[in-house]
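# Architecture at a glance
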Amino acid sequence: MKPSFLAFACLLTSLSIPAAQASDDPQYLIQSCQELVDAYTDADQLSTIAKVASSFSEALRAGYCMGRVDEYRRSYECATDDWFEQAARIVDMPESLSVRPTVDELLEYSCAG
């Protein structure tokens with residue numbers, strides 16, 4: 001099976017955004033992780049719809065989330081090694097915790113077990 005455009009764009013984006021250029025906007029991280037979660041049925045399976053219907057900007061946002069989560073795990077020990085689970089935790093963060101968390105707080109929350 002050929003790699004899809006979305007998978008390629010996610011990989012390219014996750015490799016090309018240095019941490020120094022990463023956004024400090026927590027809402028952008030949440031939206032980006034939503035794109036990522038929507039694109040995959042699980043960590044190993046890109047959804048059929050995402051393979052054919054994703055725009056370049058959606059792929060870039062998904063790649064941004066994947067890159068931030070991967071970069072965070074390089075510096076901190078997480079309860080999970082599953083980037084999909086972390087992205088889903090960021091998206092599904094309880095409203096009581098989402099009063100304006102920082103990007104670092106979102107990433108820390110996503111790592112907790």
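Residue indices begin from 1 for each chain and proceed along its sequence in written order. In keeping with the predicted nature of the model, local features appear solely for residues at pLDDT of at least 70, side-chain atom pairs appear and are counted solely at 80 or more, and the whole-chain, interface and lining totals rest on all residues. Side-chain numbers here rest on the full set of heavy atoms in the structure, without hydrogens or water.

### Examining the overall build of the chain
A run of H or I in DSSP becomes a helix once it reaches four residues, and a run of E becomes a strand once it reaches two; helices and strands are each numbered from the N terminus. Of the regular secondary structure elements, the chain holds 6 helices and 2 strands. Overall, the chain shows an N-to-C arrangement of helices and strands of α-α-β-β-α-α-α-α. Buried means the residue's accessible area, taken with a 1.4 Å probe over protein chains only, is under 20% of the maximum for its type, while exposed means over 50%, and partly exposed covers the values in between. Looking at the chain as a whole, 41% of its 113 residues are labelled buried. The contact criterion used is simple: two residues touch if any of their non-hydrogen atoms lie within 4.5 Å. Nonlocal contacts in the chain, meaning residues at least 24 apart in sequence, comprise 73% of its contacts between residues at least 6 apart.

### Brief notes about the packing of helix α2 (residues 26-39) against helix α6 (residues 103-111)
Helices that pack against each other are described as a pair by the angle of their axes relative to one another and the distance between those axes. Two numbers describe how α2 lies on α6: the axes approach to 8 Å, and their chain directions differ by 40 degrees. Considered as vectors, α2 and α6 are oriented oblique to each other. Across the interface between the two elements, Pro-26, Leu-29 and Ile-30 of α2 pack against Val-103, Leu-106 and Leu-107 of α6. Amino acid classes used here: Ala, Val, Leu, Ile, Met, Phe, Trp, Tyr, Cys and Pro are nonpolar; Asp, Glu, Lys and Arg are charged; the rest, including Gly, are polar. Residues belonging to the contact of α2 with α6 are distributed by class as follows: 6 nonpolar, no polar and no charged. Note on geometry: axes are lines fitted to C-alpha atoms, helical ones only across the stretch in contact, with angles between N-to-C directions running from 0 to 180 degrees. Orientation labels follow simple angle bins: below 35 degrees gives roughly parallel, above 145 gives roughly antiparallel, 65 to 115 gives roughly perpendicular, and whatever is left gives oblique.

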